[in-house]
Number of protein chains: 2
Amino acid sequence: MPAAPPSTTFSINDRTFRVPARPVAVICIDGCGDEYLSTSLAHGRMPNVARMAKNGYRGMVRGALPSFTNVNNAAICTGLTPAETGIGGNFFLDQETGEEVMMNSAKFLRADTILAAAAKAGRKVAMVTAKEKLRDILSKDLDGIAFSSEKADQAALATHGIENVEQVVGQKTPEIYSAEASLFVLRAGVALIEQGLSDFCYLSLTDYMQHKYAPEAPESLDFYEAMDREIGRLLELGAVVGATADHGMNAKNLSSGGPNVIYLESLLTKQFGEGIRVICPITDPYVVHHGALGSAVTIHLPEELDLAEVAETIVRMEGITEVYDREMAALKLELPADRIGDLFVLSARDVVLGRTPEDHDLSQLGGQLRSHGGRYEEMVPMLLSEPLSGEYVSRAAGDPRNFDIFEFTCNGGDA
Amino acid sequence: MPAAPPSTTFSINDRTFRVPARPVAVICIDGCGDEYLSTSLAHGRMPNVARMAKNGYRGMVRGALPSFTNVNNAAICTGLTPAETGIGGNFFLDQETGEEVMMNSAKFLRADTILAAAAKAGRKVAMVTAKEKLRDILSKDLDGIAFSSEKADQAALATHGIENVEQVVGQKTPEIYSAEASLFVLRAGVALIEQGLSDFCYLSLTDYMQHKYAPEAPESLDFYEAMDREIGRLLELGAVVGATADHGMNAKNLSSGGPNVIYLESLLTKQFGEGIRVICPITDPYVVHHGALGSAVTIHLPEELDLAEVAETIVRMEGITEVYDREMAALKLELPADRIGDLFVLSARDVVLGRTPEDHDLSQLGGQLRSHGGRYEEMVPMLLSEPLSGEYVSRAAGDPRNFDIFEFTCNGGDA
């Protein structure tokens, strides 16, 4: 086992982090609604997490809206709201060009990261993501290790701060649509700490399994058990471990079967005419498991339309829970006003929003959809290996956010 | 042990109940946010609930808004939304008299109950509540047993369907502000089933303990362990057990200490003048533990005021999450339009709403407030002793409600 790192104190984005003289591992379990933990724990499949919940802390934190991956990972890595990170979805519509722009690179991130700051303060930082898209955004200015399990075999010393990743981790680069894509990330964290290559890790998984399986599915239980094993190895290495999720996950199906979709662009175009653009901010290069259908969309309207009338039409639809104009979305949902449309819409626990039927490929869903993006995937678990102390006891009981996770992990306990 | 009851089928409020040939006990654990279960389970204090979660079902259901006790108990006992029960709070303002009317009697309930229907179908029904106020509402047309632990010693055969309750239960009438007030309800359920006095029970507890204690407090852990013991006795008696909550519970304090209150009537009166009436629907005769402060209020405005302007002012306040006019509140929150004000307002996870400082007695809170009423206390657990089968598997994965609990308990498993 490598020598203990020094304790380190640094400040970034109006927060001060007091990093203990132990390895630190913060995990974002993508799509981990709290019921995944409850069910896996009930079946005795997460003994290490059970110990964390008993001896450390398990509670609920509020994520950022819309409850999507990039939005929340950007918030977590900076400790800031989407209004401040500029990442309010995977996509935004460039109003000047009319093009949908994918926010898959660091240039879209409007704030510095806790990871880069920790590295500047002398910690050996490693960021491992399942998907390459996230690595690009979150490795901004990072002097450390940053790679994805998706492209683990392509990591090079000059660009990723590491090489021979497969050898380091002891596993081949996994298929991105697999449980292994996430488990590889955790195993990489274990290997990097064990081999003294890192003492401050961010490990961000993928929600392929949660999109595909309900908490009680045997595949899900096996997956959570396998995650628990790696979390146990991190704890054995003496790491202070914090875990949260970017968003929860709910089934979004009709009682008659098949996805429960409101094709908003189709409906609005029929009523108000051409020119309405519905943007699905869940869209990214990996849509097999959700068909780019989530519970939040933003809408651009032609100037001649009466925004209030369109908003009123939408909010009256069954399955729609909240509708905001741009300014209110910025104010109440903490979104970057210049990267959303004229309206921002959230849907119900069992409802997703789409553009038109042609825009969404449902062929690979197997007739069942699980997804996220709305208010009902906003609350997520927070797990800490150390018991809370000092001000963090009352902060945890207030309205803690998932993007407080680095602060809770570093400062929250007596580690 | 008494002879098994016959299986019974009856229909009420567009639902059909197929009651198994076993005793049935539905429990409403007042104020049981899911984290109370998670924390108590993590500490090994709920072995019977742990078995239910493993062998039966544990998941999340959506309560009725506002997330208050009477609202949700009325919904649970009828299987209907507040729009249909007419119970959208403990209080409403009678527009003709200008009086605040407490909805503490069955005459305010606009629907028939599942309990009364089960009794008509031949089941031996018992309803035991902690608070007397609930007994009054929910015993509507019930040919069976109905008493509260608060006034257990006053139950008479002619009016309550039972006498000598203390002797039946084997315990003295408890103090209403106590853990015993809830435990007495559960013990009464056990006693009634054991003695063959009932085979279809509704057991509705009180949230005094949850208002007072966070999930990890030793007092809370002891309380949940004691509840688990009674649940275990119900299971031993062969009962099919279902449990849910009326609402969750969150701390509502300033980081500097003391309750985090927006005194809405004060603020609005200052800006818009006299005549604005804020109604706190949590208000009831038992306010020691929450000072009549919850996360939902309804507001009556003088006719001359511009409703949209007032609504806009409120929604811009920090800590306010949702503002609806009467029609939208009826549509999106499922509320009875004639029993709410012109505006309906929900507040954040850590914020409560009040009238004026003079209207709320905070002296007994001990400087700390835990309360409910808003969106962040809407999601609650559902526990079932039997594994789900048939259509109930997919219904549980959809958007099940806490007021589906009788149907899930009776029909959901293979009992």
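This structure is a prediction, so every number in the text was calculated from the model and none was measured.

Chemist: Just checking my understanding: could you explain the interface of chain B and chain A for this structure?
Modeler: Taken together, the contacts link 25 residues of chain B with 25 residues of chain A. Broken down by secondary-structure element, the contributors of at least two residues to the side of chain B that touches chain A are helix H1 (34–42), helix H2 (47–55) and strand E4 (57–62) of chain B.

Chemist: Looking at this structure, how should I read the sheet that holds strand E14 (residues 296–300) of chain B?
Modeler: Residues and elements named next belong to chain B. Taken in spatial order, the four strands line up as E13-E14-E16-E15 in an open sheet, and their pairing is antiparallel. The open sheet has two edge strands with one neighbour each: strand E13 (277–279) and strand E15 (320–325). The average angle at which neighbouring strand axes cross in this sheet is 25 degrees, direction not considered. Both E13 and E14 contribute to a ladder of three bridges, which runs antiparallel. Bridging across to E14, Ile 279 finds its partner in Thr 298. Each of E15 and strand E16 (343–347) is contacted by helix H13 (residues 307–315), which is oriented at about 165 degrees to E15, the strand it contacts most.

Chemist: Explanation requested: the pairing of strand E10 (residues 240–244) of chain B in the structure shown.
Modeler: Here is the key point about a regular strand: its side chains alternate between the two faces of the sheet. All names here are of chain B. The buried count for E10 comes to five of five residues, which makes it a mostly enclosed element. Of the two faces of E10, the one lined by Val 240, Gly 242 and Thr 244 and the one lined by Val 241 and Ala 243 are each fully buried. Relative to E10, strand E3 (residues 24–28) is paired through five bridges, and the arrangement is parallel. What sits directly across from Val 26, in E10, is Gly 242. Where E10 meets strand E19 (residues 379–384), three bridges bridge the pair, whose relative direction is antiparallel. Looking at E19, one finds that Thr 244 is bridged to Met 382.

Chemist: Help me out: how do you make sense of the packing of helix H9 (residues 179–194) of chain A against helix H11 (residues 218–236) of chain A in this one?
Modeler: What describes two packed helices is the angle between their axes and the distance between those same axes. Residue and element names in this part refer to chain A. The contact between H9 and H11 brings their axes to 9 Å, and the two run at 10 degrees. One way to sum up the angle between H9 and H11 is to call them roughly parallel. Mapping the contact onto sequence places Ala 179, Leu 183, Leu 186, Arg 187, Gly 189, Val 190 and Ile 193 in H9 and Phe 223, Ala 226, Met 227, Glu 230, Arg 233 and Leu 234 in H11.

Chemist: It is not clear to me how the sheet that holds strand E7 (residues 125–129) of chain B should be interpreted in this structure. Could you clarify?
Modeler: The pairing of strands in a sheet happens through backbone hydrogen bonds and is either parallel or antiparallel. All names here are of chain B. A sheet is described by the order of its strands in space; here seven strands give the open sequence E4-E19-E10-E3-E9-E7-E8, paired in mixed fashion. Two strands lie at the open edges of the sheet, namely E4 and strand E8 (145–148), each paired on one side alone. Taken pair by pair, the neighbouring strands of this sheet meet at an average axis angle of 15 degrees, ignoring direction. With four bridges connecting them, E7 and E8 associate as parallel partners. Across the sheet, residue Met 127 finds its bridge partner in E8, namely Ala 146. Of the strands in this sheet, E4 and E19 touch H2, which is tilted by about 85 degrees from E19.

Chemist: What is the right way to look at the domain arrangement of chain A in this model?
Modeler: How big an interface is tends to be stated in terms of accessible area lost as the parts join. Residues and elements named next belong to chain A. Per the domain assignment, the segments making up chain A are domain 1 (15–249 + 374–411) and domain 2 (261–370). Using C-alpha coordinates to define each centre, domain 1 is positioned 27 Å away from domain 2. Across the contact, 29 residues belong to domain 1 and 29 residues belong to domain 2. Of all elements in the fold, only helix H4 (82–85), strand E5 (91–94), strand E6 (99–102) and helix H10 (208–212) reach the threshold of two or more residues within the side of domain 1 that touches domain 2. With four residues, H10 is the largest single contributor of residues to the side of domain 1 that touches domain 2. Here the side of domain 1 that touches domain 2 is built from residues that sort into 15 nonpolar, eight polar and six charged.

Conventions we followed
Residues numbered from 1 in each chain as written. Chains lettered and ligands numbered in written order. Predicted model: local features only at pLDDT ≥ 70, side-chain atom pairs only at ≥ 80, totals over all residues. Contact = placed C-beta atoms within 7 Å. Helix = DSSP H or I, 4+ residues; strand = E, 2+ residues; numbered from the N terminus. Pairing = 2+ DSSP bridges. Axes fitted to C-alpha atoms, helices over the stretch in contact; angles between N-to-C directions. Buried ≥ 20, exposed ≤ 12 C-beta atoms within 10 Å, placed from the backbone. Parallel < 35°, antiparallel > 145°, perpendicular 65-115°, else oblique. Domains from an automatic or database assignment. Nonpolar A, V, L, I, M, F, W, Y, C, P; charged D, E, K, R; others polar.

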